[in-house]
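Per-entry structural report
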Amino acid sequence: FCISGTRVFKGTKFYVRRSTEDGFLYYHTERCSLGENVDSAGEENWKFDSIEEAAAAGAYPCPYCRP
């Protein structure tokens, strides 16, 4: 007998980055114009699989893309 399992994540990734205007953390979708190139923009950007994980890191939703 062989038993195995897997967990596949598909869908939108959420990127968290610090705002240069007010210093707060905001999470963005991949398509947000404010979050453009956040995947390669620097060390202070984090990638999460869900909104809950991004919010638990202390980030607020982006006021433009409204994830």
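Everything here concerns the structure above.
Quick caveat: nothing in here was measured; it's all calculated off a predicted structure. (Residues numbered from 1 in each chain as written. Predicted model: local features only at pLDDT ≥ 70, side-chain atom pairs only at ≥ 80, totals over all residues. Heavy atoms only, no water.)

The next thing to look at is the overall build of the protein chain. If you tally the helices and strands in the protein chain, you get one helix and four strands. What you see in the protein chain, going N to C, is helices and strands ordered as β-β-β-α-β. Sorting the 67 residues of the protein chain into buried and exposed places 27% on the buried side. Taking all contacts inside the protein chain whose residues are at least 6 apart in sequence as the whole, residues at least 24 apart take part in 59%. In the structure as shown, the protein chain presents an accessible area of about 5400 Å², 49% of it carried by carbon and sulfur atoms. (Helix = DSSP H or I, 4+ residues; strand = E, 2+ residues; numbered from the N terminus. Buried < 20%, exposed > 50% of the residue type's maximum accessible area, 1.4 Å probe, protein only. Contact = heavy atoms within 4.5 Å. Areas by Shrake-Rupley, 256 points an atom, 1.4 Å probe, with all protein chains shown as cover.)

Turning to the pattern of salt bridges, a few remarks are in order. All chains considered together, the criterion is met by one salt bridge. A salt bridge links Lys13 to Asp49, with the shortest nitrogen-to-oxygen separation between them at 2.4 Å. Of this pair, Lys13 sits in the segment before strand S1 (14-18) while Asp49 sits in the loop between strand S3 (46-48) and helix H1 (51-56); the two residues are 36 residues apart in sequence, bridging distant segments of the chain. Judged by relative accessible area, Lys13 falls into the partly exposed class, the value being 22%. (Salt bridge = Lys/Arg side-chain N within 4 Å of Asp/Glu carboxyl O.)

Formed by Phe14, Val16, Leu25, Tyr27, Phe48, Ala54 and Ala59, the largest nonpolar core amounts to seven residues. Counting residues per element, the ones that place at least two in this core are S1 and strand S2 (25-28). Not counting residues up to four positions away in its chain, the partners in contact with Phe48 are Lys13, Phe14, Val16, Glu53, Ala54 and Ala57. (Core = buried A, V, L, I, M, F, W, Y, C linked by side-chain atoms within 4.5 Å.)

Sheet analysis places S1 next to S3, joined by three bridges and oriented antiparallel. Paired with Val16 across the two strands is Trp46, which belongs to S3. Sheet analysis places S1 next to S2, joined by four bridges and oriented antiparallel. Of the residues in S2, the one forming a bridge with Arg17 is Tyr26. If you look at the hairpin formed by S1 and S2, you'll find six residues sitting between the two strands, and Gly23 has a positive phi there, around 80°. (Pairing = 2+ DSSP bridges.)

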